[in-house]
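# Coordinate inspection notes
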Amino acid sequence: MTPELHHKGDTRWLTEQFDTLQRLGGFNYASSLAVKYSTTYSEIWHATEPPHKRDGVARAECNKRLRAAIRNLQNKFSAPPTI
């Protein structure tokens, strides 16, 4: 699974990341994050000036958010149970 909109250079990496998300959070969770990733990528891409920086800025921000989401999900499952 990969987001519909993304930097083509990230396809392999995104597939790996979304496989991890699907394994940890389930298909629906991974699918909803893929939609958010695409939406965010598009919004940032269109808002970035100058135009030659659009791909880099959108790519960096979306991947940063994706790494944070995976880290948060991993922490949720690795935290010791509370009593």
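Notes on the structure in this doc start here. Residue numbering note: each chain is counted from 1, following its sequence as written. Per-residue local features of the predicted model are confined to residues with pLDDT of at least 70, and side-chain atom pairs are confined, for both listing and counting, to 80 or more; whole-chain, interface and lining totals are unaffected and use all residues. Based on all heavy atoms of the structure, the side-chain values leave hydrogens and waters out of the count.

Next up on the list: helix 3 (residues 54-78). Strands here mean DSSP runs of E at least two residues long; helices mean DSSP runs of H or I at least four residues long; both are numbered from the N terminus. Helix span is expected to be 1.5 Å times the residue number reduced by one. With 25 residues, helix 3 extends 36 Å between its outermost C-alpha atoms, agreeing within 8% with the 36 Å of an ideal straight helix rising 1.5 Å per residue. Next to the buried residues of helix 3 lie helix 1 (11-25) and helix 2 (27-47). Any two residues whose heavy atoms approach within 4.5 Å at even a single point are treated as in contact.

Now for the pattern of salt bridges. If charged atoms from side chains of opposite charge come close, those side chains can pair. The salt bridge definition used is simple: a Lys or Arg side-chain nitrogen within 4 Å of an Asp or Glu carboxyl oxygen. All chains considered together, the criterion is met by five salt bridges. For Arg 54, the salt bridge identified is with Glu 49, shortest N-O distance 3.1 Å. Through salt bridges with shared partners, a single network forms among Glu 61, Lys 64 and Arg 65.

With that settled, consider the packing of helix 1 against helix 3. Two numbers describe how helix 1 lies on helix 3: the axes approach to 10 Å, and their chain directions differ by 30 degrees. As judged from the angle between their axes, helix 1 and helix 3 are roughly parallel. In terms of crossing hand, the pair formed by helix 1 and helix 3 is left-handed. Here Trp 13, Leu 14, Gln 17, Phe 18, Thr 20, Leu 21, Leu 24 and Gly 25 of helix 1 come into contact with helix 3, specifically with Asn 63, Leu 66, Arg 67, Ile 70, Leu 73, Gln 74 and Phe 77. Axis lines are fitted through C-alpha atoms, for helices just across the contact stretch, and the angle between N-to-C directions can take any value from 0 to 180 degrees. Angles are sorted into four bins: roughly parallel if under 35 degrees, roughly antiparallel if over 145, roughly perpendicular if 65 to 115, and oblique for all others. Rotating anticlockwise by less than a right angle from the far helix to the near helix defines a left-handed crossing, while the corresponding clockwise rotation defines a right-handed one.

This paragraph deals with the nonpolar core. Among soluble globular proteins, nonpolar side chains are generally buried collectively. The set of buried Ala, Val, Leu, Ile, Met, Phe, Trp, Tyr and Cys residues whose side-chain atoms join them within 4.5 Å is what this entry labels a nonpolar core. We call a residue buried when its accessible area falls under 20% of the maximum for its residue type, exposed when it is over 50%, and partly exposed in between, using a 1.4 Å probe and counting protein chains only. Counting 15 residues, the largest nonpolar core has Leu 14, Phe 18, Leu 21, Leu 33, Tyr 37, Tyr 41 and Leu 66 as the members making the most contacts within it. Elements with a minimum of two residues in this core: helix 1, helix 2 and helix 3. Each residue touching Leu 14, except ones within four places of it in the same chain, is listed here: Met 1, Thr 2, Pro 3, His 6, Tyr 37, Asn 63 and Leu 66.

With that settled, consider the environment of Arg 59. Here Arg 59 shows up in helix 3. In this structure the C-alpha to C-alpha distance between Arg 59 and Thr 40, which are 19 residues apart in sequence, comes to 9.8 Å. Once residues within four sequence positions are removed from consideration, Arg 59 is found in contact with His 7, Gly 9, Asp 10 and Tyr 41. Within 3.5 Å is the distance limit for a polar contact, defined as a pair of N or O atoms, with the added protein rule that one can donate a hydrogen and the other accept it, and that residues adjacent in sequence qualify only through two side-chain atoms. Separated by 2.8 Å, the side chains of Arg 59 and Asp 10 make a polar contact.

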